[in-house]
Amino acid sequence: MPDNQPQPARNPDGDATSPPGGGPGENPLVLCDAHLADGRVVDVRLSGGRIEAVGTAGSLAPGVRCDLSGYLLLPAPADPHAHCDTALTADLDGPVPDGVEDVQRRVTEAALLQLGHGATALRSHVRVGDVQGLRSLEGFLAARRALRELTDLTAVAVPRLLTGVAGADGLAMLRDAVKMGATAVGGCPDLDPDPTGYAETVLRVAAEHGCAVDLHTDADDPPRLARLAAMAGGLRPAVTLGPCGGLARLPRETAVRAAEQLAAAGVTVACLPQGDCGVAARTRYRVSHSAPVRLLRAAGVRVTAGSGAVRDAANPVGRGDPLEAAFLLASRGELDPEEAYEAVSGQARAAMGLAEVRVEAGFPAELLAVRGGGIAGVLSLGYSRLVVHRGRVVARTSAIREFRHCAGTTALELPRQSPRGGEPS
């Protein structure tokens, strides 16, 4: 069929091959009959990695066409707090292998797992220093290069100690990690003998190199948190703290005052609704991963949500699914469903320094299509998904739910998860 003619529409549940198109130098990709969160049904044309046009259903041609009837089209999620270097190690006996190839394999598998859920960008905390030196970061960066056409990966360099004689090696490794390609610096001040000194050192390195800062803290010590907020105020790029579960254990008035200090400093909080992360699990408390999100937002703090650990020692059942994180925020009453999804999409991208995404012409083509009606519906039952990164379909999950025929289901005309027919065997 000539390139200038519309291509047959392909439904994501019915074709074994993802439709091409939409990337630089390729035919435009037209997402047909997609539902938007505001209730409109539209066609969306992607070209050159961006959204070229949005029009009423059936109005856009030519291009490779992908039928999204029955799907809700949303800005793609991003994961602002992952631990890919230790992911998928819960079943291992003995120490976690930290060779470059071992880490590269784990990072690749974890990143693809999260891409399949819809996260087209991911920020992973990577340990540096001590016995592993820079091997974990080297493995992460190798995976990033290999996956550059599928997903955007960025690393936060995480040393264990940064103060005193014992911290000299960690500081040297931190600076080397930035030179290698880590785009943010972080770690856990709570684990250092001098937490304030640790934070000061990280902020100084960030200022020297123009890096983002992403620190782990339980946030259960109000004076320490106030000092950290005062030091972070005005730093650009801004500072992210997480998971901050300790705020939920403070008296309400104390927590409100701490939240107001974080808001005044422009600090973002990355909570972990799905479980602890490895660094947080080594603090003096087993972190409550339910940061007081509603309280933080009421004070004006930007709040986002990450996956944390994915099937490692800190959380042996973590899935790394941003829709699950949003579901948990909504089901616990911290946010309404639309706000919860924004926490794992728009707010996550802002915290990571990424461009804003809207389903409008001119915006980056970073999109997630989920079978279902409305955001609340897809957070509850959004199994079938199609993921678009830089204007190309990069992942797809097709769920088929079928029930044995009976008169009652036929009479009620109950919906199926997939449009394909056929009786289950």
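A brief report on the enclosed structure follows. Since the model is a prediction, treat every value here as computed from it, not as a measurement.

## With respect to the overall build of the protein
- Counting its secondary structure elements, the protein contains 13 helices and 16 strands.
- The buried share of the protein, reckoned over its 425 residues, is 53%.

## Topic: helix H9 (residues 322–331)
- A large share of H9 lies buried, amounting to 7 of its 10 residues.
- Within the span of H9, buried status applies to Pro322, Leu323, Glu324, Ala325, Ala326, Leu328 and Leu329.
- Where H9 begins, the side chain of Asp321 points an oxygen toward the backbone nitrogen of Leu323, at a separation of 2.9 Å.

## Considerations on unusual backbone geometry
- Residue Pro243 is reached from Gly242 by a cis peptide bond, and omega for that bond is 0 degrees.
- In this structure, Leu88 takes a positive phi of about 65 degrees despite not being glycine.
- Note that Leu88 resides in the loop between strand E6 (79–82) and helix H1 (100–117).
- The backbone of Asp130 shows a phi angle near 55 degrees, a positive value even though the residue is not glycine.
- Take Asp130: it is sitting in the loop between strand E7 (121–128) and helix H2 (135–146).

## A word on the pairing of strand E16 (residues 392–397)
- Pairing of strand E15 (residues 385–389) with E16, which is carried by 5 bridges, proceeds in the antiparallel orientation. Note that in E16 the partner of His389 across the bridge is Arg392.
- The hairpin turn running from E15 into E16, its antiparallel successor, is 2 residues long, and Arg390 in that turn takes a positive phi close to 55 degrees.

## Side note on the sheet that holds strand E11 (residues 239–243)
- Taken together, the 8 strands give an open sheet; going across it, the order is E6-E7-E8-E9-E10-E11-E12-E13, and neighbouring strands pair in parallel fashion. On the outer flanks of this sheet lie E6 and strand E13 (303–305), each paired with one strand and no other. Between one strand and the next, the sheet's axes are offset by a mean angle of 25 degrees, whatever the strand orientation.
- Pairing of strand E12 (residues 268–271) with E13 involves 3 bridges; the strand directions are parallel. Paired with Ala270 across the bridge in E13 is Thr304.

## Regarding the packing of helix H3 (residues 168–180) against helix H4 (residues 195–209)
- Closest axis-to-axis distance for the H3/H4 pair is 11 Å, and the angle between their directions is 30 degrees. Here H3 is positioned roughly parallel relative to H4, judged by the angle of their axes. The chirality of how H3 crosses H4 is right-handed. Across the interface between the two elements, Leu171, Leu174, Arg175 and Val178 of H3 pack against Thr201, Arg204, Val205, Glu208 and His209 of H4.
- Residue composition of the contact of H3 with H4, grouped by class: 4 nonpolar, 2 polar and 3 charged.

## Comments concerning the nonpolar core
- The biggest cluster of nonpolar side chains holds 84 residues, and the ones touching the most others in it are Val213, Leu241, Leu262 and Leu296.
- Ranked by residue count, the leading element in this core is H4, at 6 residues.
- Residues in contact with Leu296, not counting those within four places in the same chain, are Leu247, Ala259, Leu262, Val269, Ala291, Val301 and Val303.
- Among the nonpolar cores identified, the runner-up in size contains 21 residues, and Leu29, Val44, Leu46 and Val388 belong to it.

## So, the packing of helix H5 (residues 222–232) against helix H6 (residues 252–265)
- For the pair H5 and H6, the least separation of the axes is 8 Å and the interaxial angle reads 15 degrees. Relative to H6, the element H5 is oriented roughly parallel. Remark: the crossing between H5 and H6 carries left-handed chirality. Packed against H5, whose contacting residues are Pro222, Leu225, Ala226, Ala229 and Ala232, the element H6 presents Thr254, Ala258, Gln261, Leu262 and Ala265 at the interface.
- Looking at the contact of H5 with H6, its residues break down into 8 nonpolar, 2 polar and no charged.

## Some points on the pattern of salt bridges
- Enumeration according to the criterion identifies 18 salt bridges in this entry.
- In this structure, the salt-bridge partner of Arg224 is Asp221, at a minimum N-O distance of 3.6 Å.
- Residue classification places Asp221 among the partly exposed residues on the basis of a relative accessible area of 22%.
- One salt bridge in this structure joins Glu339 and Arg297, with 3.3 Å as the shortest N-O distance. Here Arg297 lies in helix H8 (residues 293–298) and Glu339 lies in helix H10 (residues 337–344), a separation of 42 residues in the sequence.
- Within the structure, one salt-bridge network assembled from shared partners comprises Asp190, Asp221 and Arg224.

The rules behind these values
Residues numbered from 1 in each chain as written. Predicted model: local features only at pLDDT ≥ 70, side-chain atom pairs only at ≥ 80, totals over all residues. Heavy atoms only, no water. Helix = DSSP H or I, 4+ residues; strand = E, 2+ residues; numbered from the N terminus. Buried < 20%, exposed > 50% of the residue type's maximum accessible area, 1.4 Å probe, protein only. Polar contact = N/O pair within 3.5 Å; in protein donor to acceptor, adjacent residues only side chain to side chain. Pairing = 2+ DSSP bridges. Axes fitted to C-alpha atoms, helices over the stretch in contact; angles between N-to-C directions. Parallel < 35°, antiparallel > 145°, perpendicular 65-115°, else oblique. Left-handed = near helix turned anticlockwise from the far one by under 90°. Contact = heavy atoms within 4.5 Å. Nonpolar A, V, L, I, M, F, W, Y, C, P; charged D, E, K, R; others polar. Core = buried A, V, L, I, M, F, W, Y, C linked by side-chain atoms within 4.5 Å. Salt bridge = Lys/Arg side-chain N within 4 Å of Asp/Glu carboxyl O.

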